[in-house]
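Spelled out, the chains give:
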Amino acid sequence: AAAAAPQPPRMFKLDPQSELRVEVPPDAPLRVRLVAGTAEIFGTELPPEGWVPVPPRSKIAIFTWHGATVELDGVSESEYTSDETPMVIYVNTHAILDARRARARAAAAQGGDLEASQGPRVIVVGPTDSGKSTLCKMLLSWAAKQGWKPTYVDLDIGQGSITIPGCISATPIEKPIDIVDGIPLEMPIAYFYGHPNPSINPDVYKALMKELAQTLETQFSGNAESRAAGMVINTMGWVEGLGYELLLNAIETFKANVVLVLGQEKLWKMLKDAVQSKPNIDVVKLHKSEGVVLRNSKYRQKTRSFRIKEYFYGIANDLAPHSNVVNFSDVSVYKIGSGHQAPRSALPIGAEPVADPTRLVAVNISTDMVHTVLAVSYAKEPDEISSSNVAGFIHVTDVDIQRKKLTYIAPCPGDLPSRLLIASSLTWYEAL
Ligand code: ADP
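Residues numbered from 1 in each chain as written. Predicted model: local features only at pLDDT ≥ 70, side-chain atom pairs only at ≥ 80, totals over all residues. Heavy atoms only, no water.

1. Looking at the site of the ligand
Taken together, 18 residues sit near the ligand, with K59, K132, S133, T134 and R295 positioned nearest. E19 is positioned with one of its side-chain polar atoms (N or O) 2.8 Å from a nitrogen atom of the ligand. Between the ligand and G131, the relevant distance is 2.9 Å, taken from an oxygen atom to a main-chain nitrogen or oxygen of the residue. With the chains in place, 90% of the 560 Å² that the ligand exposes on its own is no longer accessible. (Near = heavy atom within 4 Å. Polar contact = N/O pair within 3.5 Å; in protein donor to acceptor, adjacent residues only side chain to side chain. Areas by Shrake-Rupley, 256 points an atom, 1.4 Å probe, with all protein chains shown as cover.)

Dropping the structure here:
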């Protein structure tokens, strides 16, 4: 692409309840400054003073409740203001959730049971590009601003806003999400599925959801504060067929009690009918914002790669990953779920083959692994891998078959925290 033309700094006067929508190019820096009034980016307030760098490739809205003047400096791909936003509906939704959190906390203080002391478990569903991740961010940041520590659960293996794609993960949100740094990475719980698409092995996806839900359940039972703050769960944009089935499964597995449906009447109706028989689940239809930027599958594929790159190099390309070499014999690589059943010949006579969807399969290290991501498991023994969360990820940069050595980069120096690794189909090429 041609180099973007320089743009002089410019001011925007925003009326109450309007927003400035900006798309940042991949390679040119852009920054924003609050000049007067108050404004927020997806639920996080702009500081009263100073320039805030906006990460490359991001598409943002600077929204003001009471009016503001903001200044942009740098190159943008597009910038325009709009006074048609669903923000009032979104913040009203937040207010309802907040009241439920307060009720849960009060119940806990009076020694109420687990049911009464459970705050809202909100699941956000809708087709791709309906603004799910953005709504999650707003709900989390608004809650955190009021002192709650809600848990963010991301089931979207296609994009993955907490760790890297291919993972389902959860992390507590203790303060409004940082405009530059995004979701905090200090203590995520991540389970590695290893593919960007659930149809490759939906049973493994379901099994990992179950593990994550159980882990959170245990944490909540010992922590009344997290329990009352509840969860905000982000989902995949696949809402038909198997995608729909997995949504229902997620609602059940995480015991969601509020389902927010963005931008699709049909999905709302289907889910409403499906959970009808279950008491205490509200299925709410919400408008999608016209500001949500559509991304085609090629673009999504690209952001997927960038998310992987960011894990190793930082959002602002400011981290230096560490390169390391291990002998093949120092590590064991597995994949979860074979998709194949055990051959009849391997079974005792008369026994029927049972497919264990989460069966562990040892994988030989080969040059096919170059450019792929491997997860480092917390498991102590191989048979714990499919029920264990992961410590982090490495990126394979070279496989030397002759010398039996594997070269990788990792975000931290030193030895791997475990020798048990999980293979994946996620790739990232240095050239990007
Ligand atoms: P989904 O999670 O449903 O796929 P996202 O929430 O990720 O959708 O939104 C898609 C893109 O649109 C993101 O890059 C997001 O930052 C951007 N976006 C969302 N809302 C707005 C808005 N009001 N103005 C500008 N960009 C927006």
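2. Let's talk about the sheet that holds strand β4 (residues 40–41)
In space, the 5 strands of this open sheet follow the order β5-β4-β7-β2-β9, with antiparallel pairing throughout. Strand pairing shows two members of the sheet lacking a second neighbour, β5 (44–45) and β9 (78–82), which therefore form its edges. Of the strand pairs in this sheet, β4 and strand β7 (residues 59–64) are connected by 2 bridges, and their pairing is antiparallel. Residue pairing in the sheet places I41 in a bridge with I62 of β7. (Pairing = 2+ DSSP bridges. Helix = DSSP H or I, 4+ residues; strand = E, 2+ residues; numbered from the N terminus.)

3. Quick word on the layout of surface pockets
Here the second largest pocket is characterised by a volume of approximately 580 Å³. Taken together, 22 residues form the lining of the second largest pocket, with E115, Q118, K255, N257 and N280 sitting closest to its centre. Elements represented by at least two residues in the lining of the second largest pocket include exactly α1 (87–109), α3 (202–221) and α5 (242–253). With 3 residues, α1 is the largest single contributor of residues to the lining of the second largest pocket. Split by residue class, the lining of the second largest pocket holds 8 nonpolar, 5 polar and 9 charged. (1 Å grid on protein atoms, 1.4 Å probe; cavity = no way out; pocket = protein on both sides within 12 Å on 5 of 7 lines; lining within 4 Å. Points joined across faces, edges and corners; volume = space filled by probe spheres on them. Nonpolar A, V, L, I, M, F, W, Y, C, P; charged D, E, K, R; others polar.)

4. Focus: empty space enclosed by the protein
The full count for this structure, using the stated rule, is 1 cavity of 30 Å³ or more. As for the largest cavity, its lining consists of L155, Y205, M209, T235, M236, G243, L246, L247 and A250. Going through the elements one at a time, α3 and α5 are the ones with two or more residues in the lining of the largest cavity. In terms of residues, the lining of the largest cavity owes the most to one element, α5, which gives 4 residues. Tallied by class, the residues present in the lining of the largest cavity amount to 7 nonpolar, 2 polar and no charged.

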